[in-house]
Amino acid sequence: MTYKVAISFDRCKITSVTCGCGNKDIFYCAHVVALSLYRIRKPDQVKLRLPISETLFQMNRDQLQKFVQYLITAHHTEVLPTAQKLADEILSSNSEINQVHGAPDPTAGASIDDENCWHLDEEQVREQVKLFLSQGGYYGSGKQLNSMFAKVREMLRMRDSNGARMLTLITEQFMADPRLSLWRQQGTGITEKCRQLWDELGALWVCVVLNPHCKLEEKSSWLRQLRKWGEMDVCPLEDGNYGNELPNITNALTQSSSHSQDSLARPRRTVFTRAIEGCDLHWQDSHLQRIISSDFYVSPAYQREGESLLFNSQGQPLWLEHVPTACARVDALRSHGYPREALRLTVAIINTLRLQQQRQLEIYKHQKKELLQRGATTITNLEGWVGHPLNPIGCLFLTLTEACRLEEENCLEISDTGDTKPPVYQHVPVTTGSQDSGESYLSLALEVALMGMGQQRVMPEGLYAQDKVCRNEEQIIARLQDLELDPVLVQTLRKQCILLLEGGPFSGLGEVIHRESVPMHTFAKYLFSALLPHDADLAYKLALRAMRLPVLETTAPSGDVTHPHHLVSVVPSRYPRWFTLGHLESQQCELASTMLTAAKGDMLRLRTVLEAIQKNIHSSSLIFKLAQDAFKIATPADSNSDTTLLNVALELGLQVMRMTLSTLNWRRREMVRWLVTCATEVGVRALVSILQSWYSLFTPTEATSIVAATVMSHNTILRLSLDYPQREELASCARTLALQCAMKDPQNCALSALTLCEKDHIAFETAYQIVIDAASTGMTYTQLFTIARYMEHRGYPLRAFKLASLAMTHLNLAYNQDTHPAINDVLWACALSHSLGKNELAAIIPLVVKSVHCATVLSDILRRCTMTAPGLAGIPGRRNSGKLMSTDKAPLRQLLDATISAYINTTHSRLTHISPRHYGEFIEFLSKARETFLLAQDGHIQFAQFIDNLKQIYKGKKKLMLLVRERFG
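Criteria and thresholds
- Residues numbered from 1 in each chain as written.
- Predicted model: local features only at pLDDT ≥ 70, side-chain atom pairs only at ≥ 80, totals over all residues.
- Heavy atoms only, no water.
- Phe/Tyr/Trp six-rings, centres within 6.5 Å; stacked < 30°, edge-to-face > 60°.
- Helix = DSSP H or I, 4+ residues; strand = E, 2+ residues; numbered from the N terminus.
- Buried < 20%, exposed > 50% of the residue type's maximum accessible area, 1.4 Å probe, protein only.
- Axes fitted to C-alpha atoms, helices over the stretch in contact; angles between N-to-C directions.
- Parallel < 35°, antiparallel > 145°, perpendicular 65-115°, else oblique.
- Left-handed = near helix turned anticlockwise from the far one by under 90°.
- Contact = heavy atoms within 4.5 Å.
- Nonpolar A, V, L, I, M, F, W, Y, C, P; charged D, E, K, R; others polar.
- Salt bridge = Lys/Arg side-chain N within 4 Å of Asp/Glu carboxyl O.
- Expected span 1.5 Å × (residues − 1).

The name given to the protein in an unreviewed UniProt entry is Zinc finger SWIM-type containing 5, and the organism recorded there is Gallus gallus.

(A) Fine view of the packing of aromatic side chains. Applying the stated criterion across every chain, the model contains 16 aromatic pairs. Judged by centre distance (5.6 Å) and plane angle (40 degrees), the ring pair of tryptophan 229 and phenylalanine 272 falls under tilted. Remark: phenylalanine 272 occurs in the loop between helix H11 (216-231) and helix H12 (273-278) and tryptophan 229 occurs in helix H11; sequence separation between them is 43 residues. Judged by relative accessible area, which is 3%, tryptophan 229 ranks as buried. Residues phenylalanine 933 and phenylalanine 946 carry aromatic rings whose centres are separated by 5.6 Å and whose planes lie at 10 degrees to one another, so their mutual orientation is stacked. Of the two residues, phenylalanine 933 sits in helix H39 (residues 919-933) while phenylalanine 946 sits in helix H40 (residues 939-953), which places them 13 residues apart along the sequence.

(B) A look at the packing of helix H28 (residues 700-711) against helix H30 (residues 724-744). The contact between H28 and H30 brings their axes to 9 Å, and the two run at 165 degrees. For the element pair H28 / H30, the angle class is roughly antiparallel. Read as a crossing pair, H28 and H30 show a hand that is left-handed. Counted together, Pro700, Ala703, Thr704, Ala708 and Val711 of H28 and Leu730, Ala734, Leu737, Ala738, Cys741 and Lys744 of H30 form the full contact between these two elements. By residue class, the composition of the contact of H28 with H30 is 9 nonpolar, 1 polar and 1 charged.

(C) Quick look at the pattern of salt bridges. Taken as a whole and judged by the stated rule, the model has 47 salt bridges. Note that aspartate 295 and arginine 340 form a salt bridge whose closest N and O atoms lie 3.7 Å from each other. Of this pair, aspartate 295 sits in the loop between helix H13 (286-293) and helix H14 (323-335) while arginine 340 sits in helix H15 (residues 339-374), and the two are 45 residues apart along the sequence. Among the residues examined, arginine 340 registers a relative accessible area of 37% and is labelled partly exposed. One network of salt bridges, with partners in common, ties together Arg153, Glu200, Asp331, Arg334 and Glu402.

(D) Region of the structure containing unusual backbone geometry. If you check the backbone angles, arginine 11 has positive phi at about 45 degrees while not being a glycine. The topology assignment puts arginine 11 in the loop between strand E1 (5-10) and strand E2 (13-19). One non-glycine residue, cysteine 12, adopts positive backbone phi at about 65 degrees.

(E) Representation of helix H27 (residues 684-692) in the model. Three or more residues of H27 are buried, namely Val684, Ala686, Leu687, Val688, Ile690 and Leu691. Turning to H27, the residues buried within the fold contact helix H25 (643-660), helix H26 (668-682), H28, helix H29 (714-720) and H30.

(F) Structural view of helix H35 (residues 823-836). Taking 1.5 Å of rise per residue, 14 residues should cover 20 Å, and H35 covers 20 Å from first to last C-alpha, within 8% of that figure. Summarising burial for H35: 11 of the 14 residues are buried, a large majority. Of all the residues in H35, the buried ones are Ile823, Asp825, Val826, Leu827, Trp828, Ala829, Cys830, Leu832, Ser833, His834 and Leu836. Among the structural elements, helix H33 (781-793), helix H34 (797-809), helix H36 (838-851) and helix H37 (855-867) are those in contact with the buried residues of H35. In the segment just after H35, glycine 837 is the residue with positive phi, at about 140 degrees.

Structure follows, in structure tokens:
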């Protein structure tokens, strides 16, 4: 395809482009790029001509006429209407065209005062941002918007004035996003993806307004715009949902007294507030100018004795600005294409941070005794650098590492898996005016990251700000993990770790920290793994110190008012407002797990880690997870178990058992089973121990049905390959446990206890006696029937009978409970008594008559008892007559009378509220009743009287009585 392309230049910039391809995009199409490159590479092939107006000026009247006519002929269809119109206007004396001298010339270029900037298709930028925002972060639109932000940064770095223009267009579309007002009305927060884009937008504006070489009028026009956006009520707030919570960008920490004021009194801070504040900053300070313009700016030697605010004792310059603000300057220098200047300012900031660290150490040494006695501190930084909207630590780290990056050949190639290769760094010595410091930008990068991450700071308010702390920490650690730790970096790491441990309340790893200090678990896990190969003692000391999570300790210490400028609001615990607590606790657990894994085989280290876990972790499910982790690491599939770590797993498991014994936990059964597995793996002594101390670990039900049952199972015996005495010892412990549990909770444990004691006569008798003692008071008929059936199954029919009789005394079946679940048990109990003999039957029938008032059940029992002779169980030493029993004599006579009376009572009960649709069913019921009546000697007379009685009492129910007459006369 061939396309027509036109490009306009002005003072080395492309100011407009058109192309026939019709491609709509923010960036130039390939054809425009091709033509530009052609013009750059082959300037002689593109003929340079005078503007067309100059050429026309040289023509006479005839030549001009000829020129115009030929031009019209060459394009007559397109040009003719325009030519006709222009001719009319020129010939009309008062037309607009005749009011102006001369005529336009598109080939002449712009005049000297005209705006000249690179061509940017503004409409296209708007359209694309609108489209990506409407997709709400789906279909990779977040990635697209991030690449537009990256484009803005690239433009700033190339000092292309369109950078700010493009950012303005993007921001306008962001502010017009219809979701903003929706979120505001519903009171829901902005979505996570969107929130991060807004953050980047705010940070970019800070960068733009801090451009060290922008014109004043540019800055004031940006300020107007930023204020306009910031005043709109849909403008997102800096911290996601709350009001202001961090000090003003241009003030340092001392402002913090406002922190304790009510949030209503605080000014509203939006995502643009920092950029608005940034407009007040300038670059005119002579000390700042000298820092960024020379590597060799040092104080004169004679000034190095006293205290100086401008230089340290080595004569290196310091920059004492509020840290995030100073870092925002570094970011601006880097972003606007001043990498050397950015590096120089970074070094000055780091020298300042070092000096502050030294001074804080000295202050702490004086207060150490008092602080350690109190065990807590109110001194802390209210503004954390990690998770800060301006990302100060990330910015310094990037500036320093970029200076050390080894640009390999094809470093931009992406590997097969689609991951970019991690960057490779080399040491680049720091250029300074003083004697060679032997430092490299890379070691400074590591040092400043460790300083920032180790800063003790109060947990900010609000879910978003807290979440950002975690995210930023993870980002910095991911970057740190790209560094290959060589001897130089290891030395930096060790030195900084020692400083952090000794740093008192200014370090998050110091001996005393504020109760609401941001925990250091994630950071410590990185430090532990990085230090372990080089200095294990230091690694453990650090990680063990970081295990604490003071906000979960019960009481909040009273505020210390001796340091008012560091005071955090002395409110009662606001711990429920730690939105990320779950994540923080799991990070604490990760740190512990990392230490356990590393300490495998080292009993002493494992002991200290175990103590730290028991002291600091308060969640049973997390300790359970640690126990499982330790067990997994201790029992690798391909080699022998590690006893040291197995014992730790068991001890943690025991702690979980104690913690969850009296609280409800849905994973409790799983935990109990796991503990038995773990104890089995440790060995027979561990099993004996948990059986002997069951009452502090398990409920009686768990102890009998899960613990003892599993210990006594065939699998366990095989797994442990026990000899006879060991097997006996375990069995004896299990039986003792069974009896203790049966005493404590006979309802739920009696059956398990009997089962566990089967093989030992004395224990079995004891368990049976416990059941009998508990039967009258503490047990339900269901439990007693279950144990009675078990006894019969075990060959103790008389004991079964005794228990069944006890069960009957607890039962009560009403006239209408003909589907009650206990009916089967009653039938079984009567069958058992009948099979034992006349005496047992005679003993149980009064109990049945007393407990069962349901006619159909009673008639069923009666029928079964008259079908066969009693005493068929054949109890040794008993004679049985083998004769069927008569319903006229005891004990069946009593049962028959009770059944007849139950039928009579039930009939009256049913008739009080019967509906016609149940008439048929009722007649069948009466037929069944007749069968029972007829078992008595004068049964037919009794039944006839009964029917007459009914006809008399219920004569109002005509239709029903008709049916009764039809069937029964």
